[in-house]
Amino acid sequence: LSIEHDLRNALASNQLSLAYQPQVNAQDGRISAIEALLRWQHPTRGAIPPDDFIPYAEETGAIIPIGRWVLLEACNAAKQLQAEGLPHLKVCVNLSARQFDHPDLIEHIKEALATSGLAPHWLELEITESMLMRDMQYAIDTLNRIKMMGISLAIDDFGTGYSSLSHLKKMPVDLLKVDRSFLHDIPKDKDNIAITSTIIAMARQLGLSVVAEGVETKEQMRFLQDIDCTLMQGFLFSRPIDFETFKAHYKACP
Ligand code: G
Ligand code: G
Ligand code: MN
Ligand code: NA
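Everything quoted here is computed from the prediction, not taken from an experiment. (Residues numbered from 1 in each chain as written. Chains lettered and ligands numbered in written order. Predicted model: local features only at pLDDT ≥ 70, side-chain atom pairs only at ≥ 80, totals over all residues.)

**A word on the overall build of the chain**
(1) Moving on: For the chain, the helix and strand inventory stands at 11 helices and 10 strands.
(2) Moving on: Its C-alpha atoms give the chain a radius of gyration of 18 Å, within 12% of the compact-globule value 18 Å for 254 residues.
(3) Moving on: With the C-alpha coordinates aligned to their principal axes, the bounding extent of the chain is approximately 50 × 45 × 35 Å.
(4) Moving on: Taking all 254 residues of the chain together, the buried fraction comes to 38%.
(5) Moving on: Put simply, 63% of the contacts in the chain that link residues at least 6 apart link residues at least 24 apart. (Helix = DSSP H or I, 4+ residues; strand = E, 2+ residues; numbered from the N terminus. Rg over C-alpha atoms; globule rule 2.2 N^0.38 Å. Buried ≥ 20, exposed ≤ 12 C-beta atoms within 10 Å, placed from the backbone. Contact = placed C-beta atoms within 7 Å.)

Spelled out as structure tokens, the structure:
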């Protein structure tokens, strides 16, 4: 049985779901956004991690219908929080390279917003540096089209992509997500302290917000607060959890 066949079937048979992980404001601890993370519950193999199936989905093109569904599902979730009278949150959706290059990308984004009724400024799209560096003019044009719709743009896994800063500054993005590898062993690891502080200072100079990813300890949190990081995301605050669980938590503690 091929994973490709299983994957195409997964969408139709409701085996895919989204988990949500909050991003909290580094200064006041309040939740300001949630990142949608794809989950696959396979009927016989159990939970398959995204790192094990997204590469297949990319290769086979299955990521296009799956990504279209992710966009709609994530926008619906953000809209539902609003409909229940909760403080509004941004929802962040990861795009894969193949989605970013696909001619229907803009249509699929518009469709998700129109169908859910979510206002565009509550949606944030995450792309990686490598997606931007393959064809810079295409990337700039596509990002501008997305930005003109009122959607925010984030560079995910920032610092791991070998892209030059002179190229990156041409990209019309709003936010950098510092890769979680740089948080490792802070405050013991002096190199990581230097790298993280420098990325955050640079982002501030460029007028960009920063999310530090992979925050697992109070020591990391205090370090990030001291250097005026904007937002934090990681297991210290919450693991990725299903929407109903997140909603119950958010209702109790908005
Ligand atoms: O939760 P974590 O194991 O959930 O995610 C592993 C990887 O899968 C991350 O690099 C994340 O960006 C990626 N990922 C999670 N959800 C999606 C999605 O909906 N679309 C794409 N393209 N990547 C995703
Ligand atoms: O590439 P992207 O940043 O989209 O991937 C998000 C991934 O990071 C998911 O797999 C998610 O489960 C994972 N993640 C989120 N918070 C933490 C954390 O605090 N520690 C670790 N090790 N992984 C995390
Ligand atoms: Mn991400
Ligand atoms: Na990341």
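**Points about the confidence of the model for the chain**
(1) Moving on: In the predicted model, the chain carries a mean pLDDT of 95, and the fraction of residues at 70 or more is 100%.
(2) Moving on: No element of the chain has a lower mean pLDDT than helix 8 (residues 165–168), at 81, and none a higher one than strand 4 (residues 90–94), at 99.
(3) Moving on: Predicted complex metrics record ipTM = 0.97 and pTM = 0.97. (pLDDT = per-residue confidence, 0-100.)

**Regarding the site of ligand 1**
(1) Moving on: In the neighbourhood of ligand 1, the contacting residues comprise L37, L38, P49, P50, D51, I54, G67, V70, N94, L95, S96 and P240.
(2) Moving on: Breaking the shell around ligand 1 down by element, the ones donating at least two residues are strand 2 (31–42), helix 2 (50–60) and helix 3 (63–83).
(3) Moving on: Here the element with the most residues in the shell around ligand 1 is helix 2; it accounts for 3 residues. (Near = placed C-beta within 6 Å.)

**With respect to helix 10 (residues 218–226)**
Each α-helix winds once per 3.6 residues, and so residues spaced three or four apart point in a common direction.
(1) Moving on: Those residues of helix 10 lying buried are Q220, M221, F223 and L224. Looking straight down helix 10, one finds its buried side chains confined to an arc of 165°; they lie on one side. The outward face of helix 10, more than 90 degrees from its buried face, is lined by the exposed residues K218, R222 and D226.
(2) Moving on: Contact partners of the buried residues in helix 10: strand 8 (209–212) and strand 9 (231–232). (Arc of directions from axis to C-beta.)

**Observations regarding the nonpolar core**
(1) Moving on: Core analysis: the biggest nonpolar cluster contains 72 residues, and A74, C75, V91 and V210 have the highest contact counts within it.
(2) Moving on: No other element matches helix 3, which puts 10 residues into this core.
(3) Moving on: In contact with V91, other than residues within four places in its own chain, are I34, A36, A74, C75, A77, A78, W122 and L123. (Core = buried A, V, L, I, M, F, W, Y, C linked by C-beta atoms within 7 Å.)

**Topic: the site of ligand 2**
(1) Moving on: Ligand 2 sits among 13 residues. The nearest are N94, G214, E216, G234 and F235.
(2) Moving on: The residue makeup of the shell around ligand 2, split by class, is 4 nonpolar, 4 polar and 5 charged. (Nonpolar A, V, L, I, M, F, W, Y, C, P; charged D, E, K, R; others polar.)

**Re the pairing of strand 2**
(1) Moving on: As judged from the 9 bridges shared by strand 1 (residues 16–25) and strand 2, these two strands associate in the antiparallel manner. In the strand pairing of strand 2, V24 is matched with I31.
(2) Moving on: As consecutive antiparallel partners, strand 1 and strand 2 are separated by 5 residues, and within that stretch G29 has a phi angle of approximately 75°, a positive value.
(3) Moving on: Taken together, the 4 bridges between strand 2 and strand 4 define a ladder with parallel strand orientation. Opposite A33, over in strand 4, you have K90 as the bridge partner. (Pairing = 2+ DSSP bridges.)

**Section: the packing of helix 3 against helix 5 (residues 105–116)**
(1) Moving on: At a minimum axis distance of 9 Å, the contact between helix 3 and helix 5 shows a crossing angle of 30°. On the basis of the axis angle, helix 3 is roughly parallel to helix 5. Considering the relative orientation of helix 3 and helix 5, their crossing is right-handed. Contact with helix 3, carried on its side by R68, L71, L72, C75, N76 and K79, involves H108, I109, A112, L113, T115 and S116 of helix 5 and no other residues of that element. (Axes fitted to C-alpha atoms, helices over the stretch in contact; angles between N-to-C directions. Parallel < 35°, antiparallel > 145°, perpendicular 65-115°, else oblique. Left-handed = near helix turned anticlockwise from the far one by under 90°.)

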